[in-house]
Amino acid sequence: MKLSDSLGSAFEALRAHKLRSILTMLGIVIGVAAVIATVSIGGGAREEVVGRIKSLGANLIIVLPGNITSGGVRLGTGQSATLNDDDAKAIEKEVAQVQVAAPTMRGGAQVVFGGTNWGTSIFGVENNFFEAREWDIETGRLFSGEENLRGGQVALLGLTVKNQLFGEDDPIGQTIRVKNVPFEVIGVMARKGQSAQGQDQDDSVFLPLQSARQRVIGSSRAKNRSIGSMLIKVREGEDMTEAEAEIKSLLRQRHRLREGDEDDFTLRNLTDILSTVEASARVLSIGLSAVAAVSLLVGGIGIMNIMLVSVTERTREIGVRMAVGATPKDVMGQFLIEATTLALIGGVAGIVLGGILSLIVSRFAGWPLYVDITAIVLAVVVSGLIGILSGFYPAWRASRLDPVEALRSA
Amino acid sequence: MSLIEVRDLRRTYTMGDETVTALAGVSLDIAQGEFVAVMGPSGSGKSTFMNLVGCLDKPNGGAYRLAGEEVSSLSADALAGVRSRRIGFVFQQFNLLERTDAVGNVALPMIYASADRKERRRKAEAALARVGLADRMGHTPLQLSGGQQQRVAIARALVNDPKILLADEPTGALDSRTSLDIMALFQQLNHEGMTVLVVTHEQDVADFASRVVRFRDGKVISDKTQTPRDAVAALQQLAREQEAAA
């Protein structure tokens, strides 16, 4: 018997009991859909998170001042003044794994140009901040050496601020006022997009660190040269954990902390955030995979059950086929192909359903739609295997029927 | 050489502790072109004999040569091959595939003989034309009368050009007029050279055969040739009677 004929008779048999065939497939459909949705949603979420973290700059460690206890009052992270420019310089110089340690300050202020104004984030940075963030300049120039070191009344604009204040006009050479201090615009940064927290990173103005601290956002910090935070970029290929340990011990030494003292700073690693996200995604996918596995198992049992019923129901038909020349192998092949076809159709339907599910989820979450060809191929192979495995016993039973008995059955 | 050569054929069944003898040593020769009726009450062994001759079942003892080939000890696969090439079955209940049309039903045996689709269609249509159903090719069994269904079944039995046509109570589910139709068809096929073996318990059916073999208790008790009744003439006579009655 040829394969095309077997397939034809399989489809015919499945069509004859449409509702039963569909119900039988349901286990496989749900199982495969769960697998496809798991892989797709997990992959989409991961791509989204990785993308956001990458947009922050890879291999980044953020050092925040704080966790200081004075007179029983514990100050929260970022509120105290335990980090300064020299800490940053020392880290950059002494920790081999560190490429850049950029001291930064952050505040908020109204920025005024002519008759318009715009409330935005003000950053006090040195040029190495842009290196750490892997942030390019679009037009104009970065800070000069002098401005970088001692400060100067110059400003770099984020794209959003530029658009709000200048529209389509060229801002370079214009003077903006921040807290009544005039700054000359020397450049516009390239688009950076949303941060991991969903903030518009282009809604920022960058001033030289020294100027920002003394004249705009850090007046209380001017005296001790303290900074808001430090952005550290670790060299490509270096171990983040090792780098963190080195930075920690250097800072503890510089801050003269004794053994047993709490750190007066906090390190945050962006890959920590990533692994947290990945860990929760893993829990989700383990859960869904369990659902998928159980569903596929139940689906396989369902197919076996229905095939056994079908063999019993069609005993007489099997007898007729044997009488007109079907060999036991032909009969076995017919039922095996029927079971496999059933499972494969279920598998394909599951892929479609899973795809629709992932499309809906990715639309709602604003993720990119993630399509994993491996998962799709695997789903087809697994459903085919389930069909063969669950069809094997019923098909074997059909092939072992005695033609005389089979023809005599009602 | 006879088409069918049966020597001391035996078949016993084991039911629990009991051994039931269905066929207790039957020897018979049937030549090419004969029309044989096998008769006997139920339990006489005639169905067992038919199953053995049809290669659906294997004997416990004895020898069976079909067209010169010893088939009594063949494997299940080989027996399927013999059925496919040499034997056409006609059953009391027609045994057609319900959802398949006439052409599809007739083509079924050729699927297992690995004929290609075009040839299957051509030969199936030819076989249907031969049994007088050229205008019913696309009908499913439910759209056909009992007599037409049995004709489809006969076309299916003929389609692989078998050596012998085996019919088990072929008129058992049909009214007398349709039965005569079917017997006329068997006689026609027999005149064209087909060997026909009909198992029946009705004398009316056996009258149309040229030889009657009677079974009882698993043995042949009589084997007689006779002048067959002409089924076409019987049909005409029936028509006249019905006319007179009306």
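The rules we used
Residue numbers here run from 1 along each chain, matching the order of that chain's written sequence. Here chains are named by letter from A upward and ligands by number from 1 upward, in the order in which they appear as written. Local features in this predicted model are restricted to residues whose pLDDT is 70 or higher, and side-chain atom pairs enter the listing and the counts only when it is 80 or higher, whereas totals over whole chains, interfaces and linings include all residues. A run of H or I in DSSP becomes a helix once it reaches four residues, and a run of E becomes a strand once it reaches two; helices and strands are each numbered from the N terminus. Residue pairs are scored as contacts if the distance between their C-beta atoms, which are placed from the backbone, is within 7 Å. Lines fitted to the C-alpha atoms define the axes, with helices restricted to the stretch that makes contact. Angles between their N-to-C directions range from 0 to 180 degrees. Any angle from 65 to 115 degrees is called roughly perpendicular, while one under 35 is roughly parallel, one over 145 is roughly antiparallel, and all others are oblique. Take the far helix as your reference; a near helix turned counterclockwise from it by less than a right angle gives a left-handed crossing, and one turned clockwise gives a right-handed crossing. In the scheme used here, Gly and all other residues not listed as nonpolar or charged are polar, with Ala, Val, Leu, Ile, Met, Phe, Trp, Tyr, Cys and Pro taken as nonpolar and Asp, Glu, Lys and Arg as charged. Strands were regarded as paired on the criterion that DSSP finds at least two bridges between them. Values of pLDDT, the confidence the predictor places in each residue, fall between 0 and 100.

### Quick notes on the overall build of chain B
Within chain B one finds 8 helices and 10 strands. A fraction of 68% describes how many contacts in chain B between residues 6 or more apart in sequence connect residues 24 or more apart.

### Observations concerning the packing of helix α6 (residues 176-191) of chain B against helix α8 (residues 231-245) of chain B
Residues and elements named next belong to chain B. Across the interface, α6 lies against α8 with an axial gap of 8 Å and an inter-helix angle of 155°. With respect to α8, the element α6 is oriented roughly antiparallel. The two elements α6 and α8 meet at a crossing, and its hand is left-handed. Facing R177, L180, M183, A184 and Q187 of α6, the residues of α8 in contact are A231, V232, A234, L235 and L238. For the contact of α6 with α8, the class distribution of residues is 8 nonpolar, 1 polar and 1 charged.

### Overview of the sheet that holds strand β5 (residues 69-70) of chain B
Residues and elements named next belong to chain B. Pairing is antiparallel across the open sheet formed by 4 strands, whose spatial order is β2-β1-β4-β5. Edge strands, defined here as strands with exactly one partner in the open sheet, are β2 (18-30) and β5. Pairing of strand β1 (residues 4-15) with strand β4 (residues 61-66) involves 5 bridges; the strand directions are antiparallel. Directly across from V6, in β4, lies its bridge partner Y64.

### Thoughts on the sheet that holds strand β10 (residues 219-225) of chain B
Residue and element names in this part refer to chain B. Strand order in the open sheet formed by 6 strands is β6-β7-β8-β3-β9-β10, and the pairing between neighbours is mixed. Both outer strands of the open sheet, β6 (87-90) and β10, are each paired with one neighbouring strand and no more. For this sheet, the mean angle separating the axes of adjacent strands, direction not counted, is 20°. Taken together, the 5 bridges between strand β7 (residues 164-168) and strand β8 (residues 195-200) define a ladder with parallel strand orientation. Looking across to β8, one finds that A167 is bridged to V198. Its contacts with the sheet put α6 on β3 (35-39), β7 and β8, and the angle it makes with β8 is roughly 150°.

### A word on the interface of chain B and chain A
Between chain B and chain A, the residue contacts involve 19 residues of the former and 19 residues of the latter. At the level of elements, α2 (76-86) and α3 (102-112) of chain B are the ones that each hand at least two residues to the side of chain B that touches chain A. Ranked by the residues each element gives to the side of chain B that touches chain A, the list is headed by α2(B), at 5 residues. In terms of residue class, the side of chain B that touches chain A is built from 10 nonpolar, 4 polar and 5 charged.

### Let's talk about the confidence of the model for chain B
Averaged over all residues, the pLDDT of chain B is 92; the fraction at 70 or higher stands at 100%. The complex model carries a pTM of 0.69, and its ipTM stands at 0.92.

### With respect to the packing of helix α1 (residues 3-16) of chain A against helix α11 (residues 328-365) of chain A
All names here are of chain A. With their axes 9 Å apart at the nearest point, α1 and α11 run at an angle of 60° to one another. The angle between α1 and α11 places the two elements in the oblique class. For the crossing formed where α1 meets α11, the hand is right-handed. Every residue of α11 that contacts α1 at S6, L7, S9, A10, F11, A13 and L14 is listed here: G333, Q334, I337, E338, T341 and L342. Across the contact of α1 with α11, the residue classes break down as 7 nonpolar, 5 polar and 1 charged.

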